Each structure stands twice: as C-alpha cells, then as structure tokens.
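Chains, contacts and geometry: an overview
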Amino acid sequence: MSASILAWGAESAPILPGAEGAAAFNISEAGVSGRFVVGDWDGAITSLIHRNTNLVTGQVPIGLFQALSVVNPRAYRYLQINDPLTCTFLNLGAAPAVAQVSCTAAPNQANALPYEGDALRQYSRSLICYGGDQVIDILAGASQQFSFQLLQAGRAGFVCVGAYGGPFGASFLEGLVVTELTHNNVALIDSPTGVTAASFSANNQDNPLWGQQIDVNDRFTITVRNDGAGTAESVGVALTAG
C-alpha cells in the first residue's frame with residue numbers, strides 16, 4: 001500500500017509583530033502524518049494541535065521544522081477527513097507576515113507502516129518536542145538562560161538551538177555559544193568557555209542523541225551567550241521527544 005497523498009499544507013492570515021496567529025489545515029484526504037515543515041519565519045511555533053492534543057510544549061524555534069533539519073521528528077498521527085489540525089506562530093519580526101506550514105505524509109513503502117488500528121497506535125506520537133520558555137533576541141555580549149516546563153514524561157531525543165538568520169535559515173548560529181546545559185543539576189557539557197551552539201543545530205548531522213528519560217517536573221536549562229558583534233535574533237531552544 002502506498003500513500004495516496006504526499007503532503008498537506010496551510011497558511012495563516014497576516015500576523016502582526018508581537019502577535020500570534022494560527023494556520024489551520026483543511027484535511028480533505030486521509031493519511032498518516034510524517035514531518036511538519038515550516039518556511040522562512042522570524043519567530044516561534046507556540047502550539048501544534050491535532051484533535052485537542054498539543055504535539056509541542058513551550059516556544060519552539062523554527063529551525064527544528066525547516067527543510068534542512070536532520071532532527072525534525074515524525075508525528076505518525078492518523079489524519080482523518082475534516083480532522084482539526086492547527087499550527088500557531090509567534091511573529092517576532094518587524095512587519096506583519098504570513099506563516100506557511102506543511103505536513104508530509106509518512107512513508108509507507110512495502111507496507112512498512114500500518115495505516116490503521118492498534119498496529120499504527122504504537123507509532124503514533126502525543127508529543128514530538130519540548131520547547132523552551134521563550135524565543136528572544138540576545139544582544140551582543142549578553143547571555144540568556146532558557147528553561148523548560150516539562151509537564152509530560154518521555155524520552156529525550158536531540159537538543160536543538162535555533163536563531164533567525166534570514167536567508168541563512170533559522171539554524172544560522174554564528175557567534176552563539178552554549179555555556180550551560182543542565183538536567184536535574186547534572187551538567188551535560190564540559191567546557192569552561194562553552195560549546196559552540198552549532199553543535200546543537202537542527203542541521204548538524206552529528207547532533208548528539210541524548211536518550212535520557214524525562215519525568216514530569218524535571219528541571220532542564222540551557223544558557224546561550226552571544227559572542228557575535230550584533231544582536232542574535234529569535235534565539236530559542238527545543239528538545240525532541242525520542
């Protein structure tokens with residue numbers, strides 16, 4: 001059985017600077033969701049809701065869901081005709097903008113992925129990533145600590161740091177350094193000067209898989225310092241759910 005549709009798409013109405021707006025999908029063909037992909041956007045994703053289930057928490061940097069991301073998680077949600085599916089965006093740019101998002105269909109070659117019933121449910125995800133508490137500009141020479149509100153248990157996947165880079169994409173992390181990465185008071189990096197944030201870029205094929213069990217109300221923090229000459233725009237962090 002092959003997929004009868006390759007992707008679904010949605011776009012928002014113009015979203016004012018500093019405001020949030022939603023892009024609502026119109027599901028007229030059923031199938032199984034693969035990955036969500038977002039176009040150029042200066043801001044964050046604040047919710048991704050399918051049938052009243054929010055697949056993300058906090059504010060998620062756009063880089064996780066862009067085309068070159070190698071850590072973009074699959075959701076494996078069965079999308080029925082007329083299912084409600086919305087993605088909410090925060091606009092941190094200087095002008096009103098229209099957000100665009102697509103959802104690819106999950107691969108199903110040689111019946112590798114079941115399309116219905118209990119067999120599919122073992123693949124389906126109720127959470128694809130944890131987002132940090134904010135996406136924010138960081139001035140040159142300044143540091144910003146991000147924290148996570150971990151209200152769902154799960155297994156950690158990849159740590160992702162994203163920043164808005166215009167034509168360079170939202171994983172452009174020039175000059176950014178991770179100086180602290182801590183889970184329940186256990187340090188996850190070892191360097192007195194910090195680790196280049198590019199180590200945790202969504203585009204980095206060597207981004208290390210963490211794999212730690214996450215429990216409700218665990219404490220997880222990341223501190224990012226801007227060593228660049230200018231302001232780093234729309235810096236945010238995420239942790240994929242493994």
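Up top is the structure these notes are about.
Okay, the packing of aromatic side chains next. Taken as a whole and judged by the stated rule, the model has four aromatic pairs. For the pair tryptophan 41 and phenylalanine 89, a centre-to-centre distance of 5.5 Å together with 65° between the ring planes defines the contact as edge-to-face. Taken as a pair, tryptophan 41 in the loop between β3 (31-38) and β4 (43-50) and phenylalanine 89 in strand β9 (residues 85-91) lie far apart in primary sequence, 48 residues in all. Plain terms: the ring middles of phenylalanine 148 and phenylalanine 220 are 5.0 Å apart, the flat faces sit at 50° to each other, and that makes the pair tilted. Residue phenylalanine 148 is found in the loop between β13 (143-147) and β14 (154-164), and its partner phenylalanine 220 is found in strand β19 (residues 220-226); the two are separated by 72 residues along the sequence. Judged by its relative accessible area of 1%, phenylalanine 220 is buried. One aromatic cluster in this structure is built from Phe148, Trp210 and Phe220.

The next thing to look at is the sheet that holds strand β8 (residues 78-79). A sheet is described by the order of its strands in space; here four strands give the open sequence β1-β10-β3-β8, paired in antiparallel fashion. The sheet is open, and its two edges are formed by β1 (7-11) and β8, each paired on a single side. In terms of strand pairing, β1 meets strand β10 (residues 100-105) through five bridges, oriented antiparallel. Within β10, the position partnered with glutamate 11 by the bridge is glutamine 100.

Cut-offs used in this document
- Residues numbered from 1 in each chain as written.
- Predicted model: local features only at pLDDT ≥ 70, side-chain atom pairs only at ≥ 80, totals over all residues.
- Heavy atoms only, no water.
- Phe/Tyr/Trp six-rings, centres within 6.5 Å; stacked < 30°, edge-to-face > 60°.
- Helix = DSSP H or I, 4+ residues; strand = E, 2+ residues; numbered from the N terminus.
- Buried < 20%, exposed > 50% of the residue type's maximum accessible area, 1.4 Å probe, protein only.
- Pairing = 2+ DSSP bridges.

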